Amino acid sequence: MQKVALVTGSTSGIGAATVRRFAADGFQVVVHSRSSREAGLALASELGGTYLQADLSQEDQAAGLVPAVLDAHGRLDVLVNNAGISWPVPHADLDGLSAADWRRLLEVNLIAPWLLCTAALPALRDAQGAIVNVTSHAGVRPKGSSIAYAASKAALNHVTKLLAAALGPGVRVNAVAPGLVDTPLTADWTEAQELWKTVSPMGRAAQPADVADLIAMIAAHQYLTGEVILLDGGLNLR
Ligand code: NAD
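Residues numbered from 1 in each chain as written. Predicted model: local features only at pLDDT ≥ 70, side-chain atom pairs only at ≥ 80, totals over all residues. Heavy atoms only, no water.

### Digging into the sheet that holds strand β3 (residues 50–53)
Rule in force here: If DSSP finds at least two bridges between two strands, the strands pair. Helix and strand labels come from DSSP, where a helix needs a run of H or I of at least four residues and a strand needs a run of E of at least two; each type is numbered from the N terminus. Axis definition: a line fitted to C-alpha atoms, limited for helices to the stretch in contact. Angles are taken between N-to-C directions and run from 0 to 180 degrees. Here a residue-residue contact requires only that any non-hydrogen atoms of the pair lie within 4.5 Å.
If you trace the seven strands from one edge of the open sheet to the other, you get β3-β2-β1-β4-β5-β6-β7, paired in parallel fashion. Unpaired on one side and paired on the other, β3 and β7 (228–231) mark the two borders of the sheet. Taking each pair of neighbouring strands and ignoring which way they run, the sheet shows an average axis angle of 20°. Against the sheet, helix α5 (residues 147–167) contacts β5 (130–134), β6 (172–178) and β7, and its axis sits at roughly 160° relative to β6. Packing against the sheet, helix α7 (residues 208–220) makes contact with β4 (78–81), β5, β6 and β7, and its axis sits at approximately 165° to β6.

So, in structure tokens, the structure goes:
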């Protein structure tokens, strides 16, 4: 029976590269987005998969996504919590982040992945499956587009380890923590682009396919669990 992978936020950037990679690996893929329905339907049809729309900042929609996958496919082998939001706020500008900003970032970047993990657990147990959370190097070191964003990703890194400890051996849980990746989210982050070009050992930002390759490797690995794998082209070494 064909394995099924759900990748949230998969009509652009890292998510789109990840569904392409899973489809190439023989998975039935579920493409998801908040709003870009046309792009989602087109990508799902190209890959022979399904498209589902859900705003993950809304609790009922986040909780309903996995049941919709199970209705369509009857199983779930891999859940990739990729959808996320981020916008630049200088770390010293404490007034630049309101309580509403904090709630918005935590809703999408932390609470929605939790709701998806919760809903997916029985199916993942049946499949001896895997969860891969897409976090950020900003959740590992004191960096990133804003303090609230970095805190949301640090929290998801910790949840990754706690869940891995709680859910083994039936379900493996890991995170990929990318540095800068060339996606629509970072198209105008010129300072960061310059940093990765001039300082990182790899001399460039990651491409979405670089991240997708690691996500697919992690999902396939039958022993790896509880790891947060930094994928920053070695920037942290310099
Ligand atoms: P992107 O903007 O191309 O993708 C983000 C996806 O999240 C989009 O598909 C969007 O529809 C989805 N999304 C956002 N809010 C949503 C909501 N309320 N409901 C449902 N879906 C929602 O950006 P990307 O760079 O591919 O980001 C993917 C992930 O990688 C994010 O979690 C991001 O934080 C993380 N990340 C990105 C970088 C980078 O440099 N691009 C670095 C580290 C981590």
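### Regarding the layout of surface pockets
Test applied: A pocket here means an open set of points on a 1 Å grid, computed over the protein atoms alone, that has protein on both sides within 12 Å along at least five of seven lines. A cavity is instead a set of points where a 1.4 Å probe fits but cannot get out; residues with an atom within 4 Å of a point line either one. Grid points are joined across faces, edges and corners, and a volume is the space filled by probe spheres set on the points. Ten residue types, Ala, Val, Leu, Ile, Met, Phe, Trp, Tyr, Cys and Pro, are classed as nonpolar, four, Asp, Glu, Lys and Arg, as charged, and the remainder, Gly among them, as polar.
By volume, the largest pocket is sized at about 1,300 Å³. What lines the largest pocket is a set of 50 residues, and nearest its centre among them are Gly84, Ser86, Tyr149, Leu185 and Trp189. Secondary structure elements with two or more residues in the lining of the largest pocket: α1 (13–24), β2 (28–33), α4 (99–127), α5 and α6 (190–198). In terms of residue count, the dominant contributor to the lining of the largest pocket is α6 (five residues). Among the residues making up the lining of the largest pocket, the classes are represented as 21 nonpolar, 23 polar and six charged. When its volume is computed, the second largest pocket comes out at roughly 170 Å³. What lines the second largest pocket is a set of 16 residues, and nearest its centre among them are Lys3, Phe27, Ala219, Ala220 and Gln222. Contributing elements (two or more residues each) for the lining of the second largest pocket: α1 and α7. Residues of the lining of the second largest pocket, tallied by class, amount to eight nonpolar, three polar and five charged.

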